[in-house]
Amino acid sequence: MPVKWVLHWQPNQGSTVSSQILNEVTQCVESINGVKEGRWKATLNYYKPMLRDQANQSEFPRDFLGISLADQPNKYYFIIRSQRIVLEADSSIQLIMEKLQSYKSKVALYFDGFQYQLGDFRLRVGKVVPTHSENVRGIVMEVEYLPISSMEKAQKVMEEFLEIWNEALAKRSLPGKFVNIDLNFVEFGLGDNYTPQHTAVRYALVMAHMIATVQAVRG
């Protein structure tokens, strides 16, 4: 599977995320010859245990994340951050969980945007919105380098691409920037060869970081 980075928009102190910024970002992708391929969607859920007996509380993870990825429509991924665990399941697991009522989705976030082809790169850019809301909570960009599945080998090319991208974006004088978070995948038992599990872990930590950043800016 091609190596992928998941970047999030970090607003400047005192500024907020908006649809206008997303429009500027997508225009920037097209200005560097990104070819729009279609829509892109993904979902992320924060789950909490539905405990009938509080005495069992220690036996269950306090919370975990579930994510569906656009390029893996038949799979669903769980990330238990506290225990550094990532699991792949069939997408039908969501229906099973609803019937069992052992865990309930407390927060659902949707990623909605477009996919672009740019040479050997595939970009996905979209807004992050809560369920039943149009309020933009964040902007996320996936950068995928199609020829290589080794993270170590792709590192330099990805960094060079981001330099070019940031230069193009800087011309628009937007109140913020895209940030890439360095992750230690070994903690999750993942190696150098890129997999969908790597992407799931990226999303889990990016969302946690993004929410903290938005709260700090507002604070």
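Residues numbered from 1 in each chain as written. Predicted model: local features only at pLDDT ≥ 70, side-chain atom pairs only at ≥ 80, totals over all residues. Heavy atoms only, no water.

- An unreviewed UniProt entry lists the protein under the name Mediator of RNA polymerase II transcription subunit 20, from Arabidopsis lyrata subsp. lyrata.
- The Sequence similarities (unreviewed entry) field of the UniProt record for the protein holds the comment "Belongs to the Mediator complex subunit 20 family." (UniProt positions renumbered as here; feature names shortened; annotations may be inferred.)

1. Comments concerning the nonpolar core
- Within the largest apolar cluster, 57 residues are counted, with the highest numbers of intra-cluster contacts made by Phe111, Val143, Trp165, Phe178 and Tyr203.
- Ranked by the residues each element gives to this core, the list is headed by helix H3 (residues 151-170), at 8 residues.
- Dropping the residues within four chain positions of it, Tyr203 is found in contact with Val6, Trp40, Leu44, Ile67, Leu69, Phe111, Val140 and Glu142.
- Listed in part, the 8 residues of the second largest apolar core include Phe64, Tyr76, Ile80 and Ala89. (Core = buried A, V, L, I, M, F, W, Y, C linked by side-chain atoms within 4.5 Å. Buried < 20%, exposed > 50% of the residue type's maximum accessible area, 1.4 Å probe, protein only. Helix = DSSP H or I, 4+ residues; strand = E, 2+ residues; numbered from the N terminus. Contact = heavy atoms within 4.5 Å.)

2. A short note on a negative patch on the surface
- A cluster of acidic side chains, namely Glu159, Glu163, Glu167 and Asp182, defines a negative patch on the protein surface.
- Inspection of the secondary structure assignment puts Glu167 in helix H3. (Patch = residues over 30% accessible without salt bridge, like charges linked within 9 Å, V, L, I, M, F, W, Y side chains within 5 Å. Areas by Shrake-Rupley, 256 points an atom, 1.4 Å probe, with all protein chains shown as cover. Salt bridge = Lys/Arg side-chain N within 4 Å of Asp/Glu carboxyl O. Lys, Arg positive; Asp, Glu negative; His and termini not counted. Charge placed at Lys NZ, Arg CZ, Asp CG, Glu CD.)

3. Focus on the pairing of strand S6 (residues 103-118)
- Across 14 bridges, the pairing between strand S2 (residues 35-49) and S6 is antiparallel. Paired with Ala42 across the bridge in S6 is Phe111.
- Between S6 and strand S7 (residues 121-130), which pair antiparallel one after the other, the connecting turn spans 2 residues, and Gly119 there sits at a positive phi close to 60 degrees. (Pairing = 2+ DSSP bridges.)

4. So, the pairing of S2
- The pairing of S2 with strand S3 (residues 64-68) spans 5 bridges and is antiparallel. When the sheet's bridge partners are listed, Tyr46 is paired in S3 with Leu65.

5. As for the sheet that holds S7
- Taken in spatial order, the 9 strands make up an open sheet running S5-S4-S3-S2-S6-S7-S8-S1-S9, and their pairing is antiparallel. For this open sheet the edge positions go to strand S5 (85-90) and strand S9 (176-179), each flanked by a neighbour on one side alone. Pairs of neighbouring strands in the sheet enclose a mean axial angle of 25 degrees, with direction left out of account.
- The pairing of strand S1 (residues 3-11) with strand S8 (residues 138-145) spans 6 bridges and is antiparallel. Bridge pairing in S8 links Lys4 to Glu144.
- Contacting S2, S3, strand S4 (75-80), S5 and S6, helix H2 (residues 93-100) crosses the sheet at an angle of about 60 degrees to S4.
- Its contacts with the sheet put H3 on S1, S6, S7, S8 and S9, and the angle it makes with S1 is roughly 35 degrees. (Axes fitted to C-alpha atoms, helices over the stretch in contact; angles between N-to-C directions.)

6. So, the environment of Val157
- Within the secondary structure, Val157 sits in helix H3.
- A C-alpha to C-alpha distance of 8.3 Å links Val157 and Tyr145, two positions 12 residues apart in sequence.
- Not counting the four nearest positions on each side in its chain, Val157 is found in contact with Phe121 and Tyr145.

7. A closer look at the packing of aromatic side chains
- Tallied over the full model, the rule gives 11 aromatic pairs.
- Here Trp9 and Phe178 contribute two aromatic rings whose centre-to-centre distance is 5.1 Å and whose plane-to-plane angle is 75 degrees, an arrangement assigned as edge-to-face. Here Phe178 lies in strand S9 and Trp9 lies in strand S1, a separation of 169 residues in the sequence.
- Its relative accessible area of 1% is what places Trp9 among the buried residues.
- With relative accessibility at 7%, the residue Phe178 sits in the buried group.
- Taken together, a centroid distance of 6.4 Å and an interplanar angle of 55 degrees make the contact between Tyr47 and Phe78 tilted. Of this pair, Tyr47 sits in strand S2 while Phe78 is found in strand S4, placing the two residues 31 residues apart along the sequence. A single burial state applies to Tyr47 and to Phe78, both of which are buried.
- The rings of Tyr47, Phe64, Tyr76, Phe78 and Tyr103 are connected pair by pair, giving a single aromatic cluster.
- Against the face of Phe114 rests Lys36, its NZ or CZ located 4.1 Å from the ring centre. (Phe/Tyr/Trp six-rings, centres within 6.5 Å; stacked < 30°, edge-to-face > 60°. Lys NZ or Arg CZ within 6 Å of the ring centre and 35° of its normal.)

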